[in-house]
Amino acid sequence: MSRIGRMPIAIPAGVEVKIAENNHVTVKGPKGTLERTLPAEMKIEQEGEQIKVTRPNDIKKMRALHGLTRTLINNMIIGVTEGYTKELEVNGVGFRAAKSGNKLTLNLGFSHPVEMEDPEGVESKVDGNKIIVSGIDKEKVGQYAANIRDKKRPEPYKGKGIKYATETIRRKVGKAGKA
């Protein structure tokens, strides 16, 4: 049995969950509304202040979808109540980030500044050498943070580039000089 899929999802106060046909789930909360169509094979039931996900059989695909479906619904509920944030750090001489309106401008040692526009439902803030990406959709927040990091990944010799705040860069020793 899927250990994650079996666990019921608690619906906190102030959150409204609607399960329409074809497993189209809508979650409304204090921070906003999220919608998602989940796999039709799974059976999603709301029992009072809990949501339970059950699977039709024990085929490998159904076992995999069971845990995924439960986690996606749980992520939607957490998103509309607390929201999600990812923190990135810009390291390197002359590397900097600036924000104007919904445009994020990155100076990363290229001949031109890199401009990125915040996607819908995702907001970014610049605080010194930190970029904080926040929003209610975990997938969008993670993807936008990954796109920012891809502009200049951290390199192993000097550690220059954009990295996640929680990430550690494995440093390498440079060339050995002549004795």
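Whatever comes next refers back to the structure up there.
Visitor: Requested: an account of the overall build of the chain, with residues and values cited.
Guide: Secondary structure assignment for the chain yields three helices and 13 strands. For 179 residues, the compact-globule formula gives about 16 Å, and the C-alpha radius of gyration of the chain, at 21 Å, lies well above that figure. Referenced to the eigenvectors of the C-alpha coordinate spread, the extents of the chain come out at roughly 70 × 45 × 25 Å. Buried positions account for 35% of the 179 residues belonging to the chain. Residue pairs at least 24 apart in sequence account for 50% of intrachain contacts in the chain once pairs closer than 6 positions are excluded. Carbon and sulfur atoms make up 49% of the accessible area of the chain, which totals about 11,200 Å². Taken together, the 33 basic and 22 acidic charged side chains of the chain have centroids lying 10 Å from each other.

Visitor: Quick one: what's the story with the pattern of salt bridges, residue by residue and with numbers?
Guide: Under the counting rule described, the total for this entry stands at eleven salt bridges. Residues Glu-16 and Lys-18 are paired through a salt bridge, measuring 3.3 Å at the closest nitrogen-oxygen approach. We classify Glu-16 as partly exposed; its relative accessible area is 41%. Between Arg-36 and Glu-139 there is a salt bridge, with the nearest N and O atoms lying 2.9 Å from each other. Taken together, the residues Arg-36 in strand β4 (residues 32–37) and Glu-139 in helix α3 (residues 138–150) connect sequence positions 103 residues apart.

Visitor: An account of the environment of Glu-115 is needed here, citing residue identities and associated values.
Guide: On the secondary structure map, Glu-115 appears in strand β10 (residues 114–117). The contacts of Glu-115, once residues within four sequence positions are left out, are Lys-103, Leu-104 and Thr-105.

Visitor: Give a description of the side chain of Glu-89 that names residues and reports values.
Guide: Looking at the secondary structure, you find Glu-89 in strand β7 (residues 84–91). Beyond its immediate sequence surroundings of up to four residues, Glu-89 is in contact with Asn-129, Lys-130, Gly-161, Ile-162, Lys-163 and Ala-165.

Visitor: An account of the packing of aromatic side chains is requested, with residue identities and associated values reported.
Guide: For any pair of aromatic rings, the description consists of the separation of the ring centres together with the inter-plane angle of the planes. Under the defined criterion, the tally for this structure stands at zero aromatic pairs. The cationic tip of Lys-86 hangs over the ring face of Tyr-164; the distance from NZ or CZ to the ring centre is 5.4 Å.

Visitor: With reference to specific residues and values, describe the nonpolar core.
Guide: Ranked by internal contacts, the top residues of the largest apolar core, which has 20 residues, are Val-17, Val-25, Val-27, Ile-44, Ile-51, Ile-73 and Ile-77. When residues of this core are traced back to their parent elements, those giving at least two are β3 (24–29), β6 (50–54) and α2 (60–81). Beyond its immediate chain neighbours, meaning those up to four positions away, Val-25 contacts Val-17, Lys-18, Ile-19, Leu-34, Glu-35, Arg-36, Leu-38, Ile-44 and Met-76. Of all hydrophobic cores here, the second largest spans 18 residues; its members include Tyr-84, Ala-97, Leu-104 and Leu-106.

Visitor: Please set out the sheet that holds strand β5 (residues 43–47) residue by residue, giving values where relevant.
Guide: Pairing between sheet strands relies on hydrogen bonds along the backbone, with the strands arranged either parallel or antiparallel. Read from one edge to the other, the open sheet built from three strands follows the order β1-β6-β5, with strand pairing classed as antiparallel. The open sheet has two edge strands, β1 (9–10) and β5, and neither has a second partner. Contacting β1, β5 and β6, α2 crosses the sheet at an angle of about 160° to β6.

Visitor: Explain α3 residue by residue, including any values.
Guide: End to end, α3 covers 18 Å across 13 residues, agreeing with the expected 18 Å (1.5 Å per residue, within 8%). Residues of α3 that are buried include every one of Val-141, Tyr-144, Ala-145, Ile-148 and Arg-149, and no others. Taken end-on, α3 shows its buried residues confined to a sector of 140°, consistent with a single buried face. You can read the cap of α3 off the contacts: a side-chain oxygen lies 3.1 Å from the backbone nitrogen of Glu-139, and it is on Asp-137.

Calculation notes
Residues numbered from 1 in each chain as written. Predicted model: local features only at pLDDT ≥ 70, side-chain atom pairs only at ≥ 80, totals over all residues. Heavy atoms only, no water. Helix = DSSP H or I, 4+ residues; strand = E, 2+ residues; numbered from the N terminus. Rg over C-alpha atoms; globule rule 2.2 N^0.38 Å. Buried < 20%, exposed > 50% of the residue type's maximum accessible area, 1.4 Å probe, protein only. Contact = heavy atoms within 4.5 Å. Areas by Shrake-Rupley, 256 points an atom, 1.4 Å probe, with all protein chains shown as cover. Lys, Arg positive; Asp, Glu negative; His and termini not counted. Charge placed at Lys NZ, Arg CZ, Asp CG, Glu CD. Salt bridge = Lys/Arg side-chain N within 4 Å of Asp/Glu carboxyl O. Phe/Tyr/Trp six-rings, centres within 6.5 Å; stacked < 30°, edge-to-face > 60°. Lys NZ or Arg CZ within 6 Å of the ring centre and 35° of its normal. Core = buried A, V, L, I, M, F, W, Y, C linked by side-chain atoms within 4.5 Å. Pairing = 2+ DSSP bridges. Axes fitted to C-alpha atoms, helices over the stretch in contact; angles between N-to-C directions. Expected span 1.5 Å × (residues − 1). Arc of directions from axis to C-beta. Polar contact = N/O pair within 3.5 Å; in protein donor to acceptor, adjacent residues only side chain to side chain.

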